[in-house]
Amino acid sequence: MIDFRLDEEHEALRKTVQEFAREEVAPVIGDFYVREEFPYEIVAKMGRMGLFGLPFPEEYGGMGGDYFALCLALEELGRVDSSVAVTLEAGVSLGAMPIYRFGTAEQKERWLPALCIGEALGAFGLTEPGGGSDAGATMTTARLDGDEWVINGSKAFITNSGTGITSLVTVTAVTGTDPGGRKEISTIIVPAGTPGLAIAKKYSKVGWNASDTHELSFADCRVPASNQLGVRGRGYAQFLSILDEGRVAIAALAVGLAQGCVDECVRYAHEREAFGRKIGEYQAIQFKIADMEARAHTARLAYYAAASKLVRGEPFKKEAAIAKLVASNAAMDNSRDATQVFGGYGFMNEYPVGRFYRDAKILEIGEGTSEVQRMLIARHLGL
Ligand SMILES: Cc1cc2nc3c(=O)[nH]c(=O)nc-3n(C[C@H](O)[C@H](O)[C@H](O)COP(=O)(O)OP(=O)(O)OC[C@H]3O[C@@H](n4cnc5c(N)ncnc54)[C@H](O)[C@@H]3O)c2cc1C
């Protein structure tokens, strides 16, 4: 038998995050969004709750949980707001996870404790202005000069890279050519504030407006050679594995957004009247909301399947790509339908569904576009 019930610990975590999202995030996040302001106090509270340390061992200040726990937290946050959810997603899966997976004992001891309690945020710089899908086309370079890496180039759209608590950005860079003549790509940790690292003004975005995203440039930016993360030349493989996990996390966030649309619509359908009846009495509205619930439900099963394989240490790349594809699709469809259910108020910032509509689109783009997910799935089918 397949058992979809959560165990006691996961269920308790889900409830705690749900309560936090409803009571502490929902009432205030709309204003942060409109002001395009990073919500430091909310992030600090999430840190105190241990959310940034969920999948990391206690010796680094983590909660000793698993990746599924992170996904559940992201789903519950995403149900209320995506800016907050993606700050956690990127902080854990892109900021801290590469260091935990590939770092030396010294690197883990130096960086992880503050990242695990949310006092610091890490960022992951892979995408460049010239392209993100073709991640191997990296143009940023790093050359060894004595005992220092000298980095030159730029990175685009980097989440959590310019907050007041950002402590590091891990970047991929070309460090030479391998024996086959291909680019050798390595990963290097650049501490925030390193001379030569310039953080551009934050982007003006369509969605995720209370999250932090910047372009970064590196001009003879020097860091110690010991800041290399993992084995030289393994950068490409490292970030691909980080992105595989990240896709499950983004799928969970997307399911949260899709479910949040259902929550809002059910409430509104009971309140709003048209032609003398609650709009929820019209079958056209009921069917729209029923379809939304079905999409959220099936996308949840897809990410549960991917996360359970990930946690068991089984191959999960195909399931991760499927989960990301269907969940981001569900988020897009649900946010469009939810906005329709709300009519004109759906287009106003005072209701969350307009925010959900704007936030959903990036889910089909970030951490691998939907086309990239289809490429990965097709590859697994031998095509
Ligand atoms: C808000 C935000 C936050 C982000 N955060 C981060 C971050 O923290 N770190 C980071 O490294 N990146 C980050 N990104 C970058 C994101 O991952 C990339 O935008 C994404 O991977 C797509 O890359 P691109 O924008 O260069 O699009 P491109 O690669 O230029 O693609 C353009 C279009 O062509 C399609 N396409 C490309 N190749 C193919 C192909 N072979 N077959 C079919 N279609 C194809 C794509 O699917 C897309 O539709 C972020 C982006 C945004 C907008």
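Structure: see above.
Quick caveat, the model's predicted, so the values are computed rather than measured.

Reading guide: rules and limits
Residues numbered from 1 in each chain as written. Predicted model: local features only at pLDDT ≥ 70, side-chain atom pairs only at ≥ 80, totals over all residues. Heavy atoms only, no water. Helix = DSSP H or I, 4+ residues; strand = E, 2+ residues; numbered from the N terminus. Buried < 20%, exposed > 50% of the residue type's maximum accessible area, 1.4 Å probe, protein only. Polar contact = N/O pair within 3.5 Å; in protein donor to acceptor, adjacent residues only side chain to side chain. Contact = heavy atoms within 4.5 Å. Disulfide = S-S within 2.5 Å. Core = buried A, V, L, I, M, F, W, Y, C linked by side-chain atoms within 4.5 Å. Phe/Tyr/Trp six-rings, centres within 6.5 Å; stacked < 30°, edge-to-face > 60°. Near = heavy atom within 4 Å. 1 Å grid on protein atoms, 1.4 Å probe; cavity = no way out; pocket = protein on both sides within 12 Å on 5 of 7 lines; lining within 4 Å. Sits in = over half its atoms within 2 Å of the grid points.

1. So, the side chain of R300
Part 1 of the reasoning: Examined against the element boundaries, R300 turns out to sit in helix α7 (residues 283-312).
Part 2 of the reasoning: R300 sits in the buried class, given a relative accessible area of 15%.
Part 3 of the reasoning: Reaching out from R300, the side chain makes a polar contact with the side chain of E75 at a distance of 2.9 Å.
Part 4 of the reasoning: Not counting residues up to four positions away in its chain, the partners in contact with R300 are E75, V255 and Q259.

2. Points about the environment of Y345
Part 1 of the reasoning: Within the element layout of this structure, Y345 appears in the loop between α8 (317-341) and α9 (352-360).
Part 2 of the reasoning: What makes Y345 partly exposed here is its relative accessible area of 36%.
Part 3 of the reasoning: Look past the residues within four positions of Y345 in its chain and what remains in contact with it is Y268, R272, E350 and Y351.

3. Description of the state of the cysteines
Part 1 of the reasoning: Applying the stated criterion to the full structure yields zero disulfides.
Part 2 of the reasoning: The thiol of C71 is not disulfide-bonded; the next cysteine sulfur, from C116, is found 16 Å away.

4. As for the environment of V17
Part 1 of the reasoning: Within the fold, V17 resides in helix α1 (residues 8-35).
Part 2 of the reasoning: A residue is classified by how much of its surface remains accessible, and V17, at 1% relative accessible area, is buried.
Part 3 of the reasoning: Sequence spacing of V17 and G103 is 86 residues, and the spatial spacing of their C-alpha atoms is 29 Å.
Part 4 of the reasoning: Setting aside anything within four residues of it in sequence, one finds V17 in contact with M49, L51, A73, E76 and L77.

5. Some words on the nonpolar core
Part 1 of the reasoning: Membership of the largest hydrophobic core comes to 97 residues, with the highest contact counts inside it found for M46, L77, L88 and Y303.
Part 2 of the reasoning: Examining the composition of this core, we find that 18 residues originate from one element, helix α6 (residues 235-271), more than from any other.
Part 3 of the reasoning: Apart from the residues within four sequence positions on either side, L77 is in contact with V17, F20, A21, M46, L51, V84, A85 and L88.
Part 4 of the reasoning: Core analysis: the next-biggest nonpolar cluster, separate from the first, contains 15 residues, A123, A142, V169 and V171 among them.

6. Quick notes on the packing of aromatic side chains
Part 1 of the reasoning: Considering all chains together, one arrives at 12 aromatic pairs under this definition.
Part 2 of the reasoning: Taking the centre distance of 5.4 Å and the plane angle of 75° together, the rings of F56 and Y100 count as edge-to-face. One end of the pair, F56, is in the loop between α2 (40-48) and α3 (67-78); the other, Y100, is in helix α4 (residues 82-102), with 44 residues separating them in the sequence.
Part 3 of the reasoning: Here Y60 and Y100 contribute two aromatic rings whose centre-to-centre distance is 6.4 Å and whose plane-to-plane angle is 70°, an arrangement assigned as edge-to-face. Placement of Y60 in the loop between α2 and α3 and of Y100 in helix α4 is noted, with a sequence separation of 40 residues between them.

7. Structural notes on the site of the ligand
Part 1 of the reasoning: Neighbouring the ligand are 20 residues, the closest being T127, G132, S133, T369 and E371.
Part 2 of the reasoning: T127 places a side-chain nitrogen or oxygen 2.7 Å from a nitrogen atom of the ligand.
Part 3 of the reasoning: A distance of 2.8 Å separates a nitrogen atom of the ligand from a polar atom in the side chain of T159.
Part 4 of the reasoning: When atoms are counted within 2 Å of each cavity's grid points, the one that captures over half of the ligand is the largest pocket.
Part 5 of the reasoning: Every element with two or more residues in the shell around the ligand is listed here: β3 (148-159) and α10 (370-380).

8. Here we look at unusual backbone geometry
Outside of glycine, negative phi angles account for most residues, and trans bonds account for most peptide bonds.
Part 1 of the reasoning: In this structure, F275 is a non-glycine residue whose phi angle is positive, near 50°.
Part 2 of the reasoning: Checked against the element boundaries, F275 lands in the loop between β9 (273-274) and β10 (277-278).
Part 3 of the reasoning: With relative accessibility at 82%, the residue F275 sits in the exposed group.
Part 4 of the reasoning: At E367, a position not held by glycine, the phi torsion is positive, near 50°.
Part 5 of the reasoning: Relative to the assigned elements, E367 resides in the loop between α9 and α10.

Remember, this is a structural readout, not a statement about activity or role.
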